[in-house]
Amino acid sequence: MRQLIRNFMLGAVAVGVIGLGACSKKIAKVVTPPPPPPATPSATLSANPSVVEPGQSTQLTWKTSNAETISIEGIGDVAATGSQTVTPTASTTYTLTAKGPGGTLDASARVTVNAKNAKAPASLSEEELFTRNVKDVYFDYNKSNLRPDQGVAADSDAAFLKQHPGLKVLIEGHCDDRGSEEYNLALGDTRANSLRQALLTQGVSADQIKTISYGKEHPFCSESNEGCWQQNRRDHFALQR
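Cut-offs and rules
- Residues numbered from 1 in each chain as written.
- Predicted model: local features only at pLDDT ≥ 70, side-chain atom pairs only at ≥ 80, totals over all residues.
- Heavy atoms only, no water.
- Helix = DSSP H or I, 4+ residues; strand = E, 2+ residues; numbered from the N terminus.
- Buried < 20%, exposed > 50% of the residue type's maximum accessible area, 1.4 Å probe, protein only.
- Contact = heavy atoms within 4.5 Å.
- Core = buried A, V, L, I, M, F, W, Y, C linked by side-chain atoms within 4.5 Å.
- Polar contact = N/O pair within 3.5 Å; in protein donor to acceptor, adjacent residues only side chain to side chain.
- Phe/Tyr/Trp six-rings, centres within 6.5 Å; stacked < 30°, edge-to-face > 60°.
- Lys NZ or Arg CZ within 6 Å of the ring centre and 35° of its normal.
- Expected span 1.5 Å × (residues − 1).
- Pairing = 2+ DSSP bridges.
- Axes fitted to C-alpha atoms, helices over the stretch in contact; angles between N-to-C directions.

### Comments concerning the environment of Leu-129
Working step 1: Mapped onto the elements, Leu-129 comes out in helix 2 (residues 126-133).
Working step 2: Owing to a relative accessible area of 23%, Leu-129 belongs among the partly exposed residues under this scheme.
Working step 3: Beyond its immediate stretch of four places on either side in the chain, Leu-129 contacts Leu-124, Phe-160 and His-164.

### Some details on the nonpolar core
Working step 1: One finds Phe-130, Val-169, Ile-171, Leu-195, Leu-199 and Phe-237 to be the most contacted residues of the largest nonpolar core, which totals 18 residues.
Working step 2: Secondary structure elements with two or more residues in this core: helix 3 (151-163), strand 10 (169-174), helix 4 (181-201) and strand 12 (234-239).
Working step 3: The dominant element in this core, judged by the number of residues it contributes, is helix 3, at 4 residues.
Working step 4: In this structure Phe-130 touches Phe-160, Leu-167, Val-169, Phe-237, Ala-238 and Leu-239, once residues within four positions along its chain are discounted.

### Here's the deal with the side chain of Asp-176
Working step 1: As for its placement among the helices and strands, Asp-176 is situated in the loop between strand 10 and helix 4.
Working step 2: Among the residues examined, Asp-176 registers a relative accessible area of 2% and is labelled buried.
Working step 3: Of the polar contacts made by the side chain of Asp-176, one reaches the side chain of Arg-178; its length is 2.9 Å.
Working step 4: One polar contact links Asp-176 to Arg-233, side chain to side chain, over a distance of 3.2 Å.
Working step 5: Not counting the four nearest positions on each side in its chain, Asp-176 is found in contact with Tyr-141, Asn-184, Lys-216, Trp-229, Asn-232 and Arg-233.

### Focus on the packing of aromatic side chains
The geometry of two aromatic rings is summed up by the distance between their centres and the angle between their planes.
Working step 1: Summed over the entire model, instances satisfying the criterion amount to 0 aromatic pairs.
Working step 2: Positioned over the ring face of Tyr-141 is Arg-178, at 4.1 Å from the centre of the ring.

### Structural notes on unusual backbone geometry
Peptide bonds are mostly trans, and most non-glycine residues show a negative phi.
Working step 1: Cis rather than trans, the peptide bond between Asn-48 and Pro-49 has omega equal to 0°.
Working step 2: Backbone geometry places Asn-66, a non-glycine residue, at a positive phi of 60°.
Working step 3: Along the polypeptide, Asn-66 turns up in the loop between strand 3 (58-65) and strand 4 (69-72).
Working step 4: Unusually for a residue other than glycine, Asn-142 sits at a positive phi of about 65°.
Working step 5: Considering the arrangement of structural elements, one finds Asn-142 in the loop between strand 9 (137-138) and helix 3.

### A closer look at helix 3
Working step 1: With 13 residues, helix 3 should reach 18 Å at 1.5 Å per residue; the first-to-last C-alpha distance of 19 Å fits that figure.
Working step 2: The set of residues buried in helix 3 consists of Gly-151, Val-152, Ala-153, Ala-154, Asp-155, Ser-156, Asp-157, Ala-158, Ala-159, Phe-160 and Leu-161.

### Digging into the side chain of Thr-97
Working step 1: Structurally, Thr-97 is set in strand 7 (residues 92-100).
Working step 2: For Thr-97, a relative accessible area of 19% gives the class buried.

### A closer look at the sheet that holds strand 10
Where strands meet in a sheet, backbone hydrogen bonds hold them as pairs that are either parallel or antiparallel.
Working step 1: Spatially, the 4 strands line up as an open sheet ordered 9-12-10-11, and their pairing is mixed. Edge positions in the sheet fall to strand 9 and strand 11 (209-215), since each has one partner strand and no second.
Working step 2: For strand 9 and strand 12, the ladder comprises 2 bridges, and the chain directions are antiparallel. Its bridge partner lying in strand 12, Tyr-138 is registered against Arg-234.

### Topic: the sheet that holds strand 6 (residues 81-86)
Working step 1: Here 3 strands make up an open sheet; going across it, the order is 1-3-6 and the pairing antiparallel. Sheet topology places strand 1 (42-48) and strand 6 at the edges, where each strand pairs with a single neighbour. Going across the sheet, the axis of each strand differs from the next one's by a mean of 15°, ignoring polarity.
Working step 2: Note: strand 3 against strand 6, 6 bridges, orientation antiparallel. Bridge pairing in strand 6 places Lys-63 opposite Thr-81.
Working step 3: Each of strand 1 and strand 3 touches helix 3; the most contacted strand, strand 1, lies at about 25° to it.

Next comes the structure, spelled out in structure tokens:
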């Protein structure tokens, strides 16, 4: 009987020790990481042409991202990406405001209306208007796809060419001087056709556009540094002669 009681007491002590060990074990807390902050809106706005005579129109072109509401002062709410023809009666700065969870961002474009009582300047030829309004498009190293930051320039070029269907242009594909001549000729051709396709998508007539690749044969800058190489990685516009 004593042995039985002794065994029972030893068993109870063992169970108690095990229980204390189990209770002392710490359970790791699961911490949920905070959500990332909302992305800041981006916005660009351009006007083509930026200088008009009284009664003439211009086309506003814009692109935004990470915004829930977009408006242009004097026009009202607009889509995230688009274009609209306006006819300002006086010089006007159009301001686009993009608002989203990540904040608010403004972009503006100035349209100058020549005063009626000013001495009328000589009318600009289409070639002179082309030089003033059509901009080159730039590329990343070894890339031929249009960069997001070059989209506004390409859209503005398309708007101008649609307004002047009589102009025929040549898109020259250029590269920096790294890589073989054969490789850069092929890359320049791909770049020129990439921009051509973007213009066609915007409604420019295929009859207005031809392409050519100069590879690295005609650099715009001759120094060996990134700033200079960037200048040479471009599609350059020229009038067909």
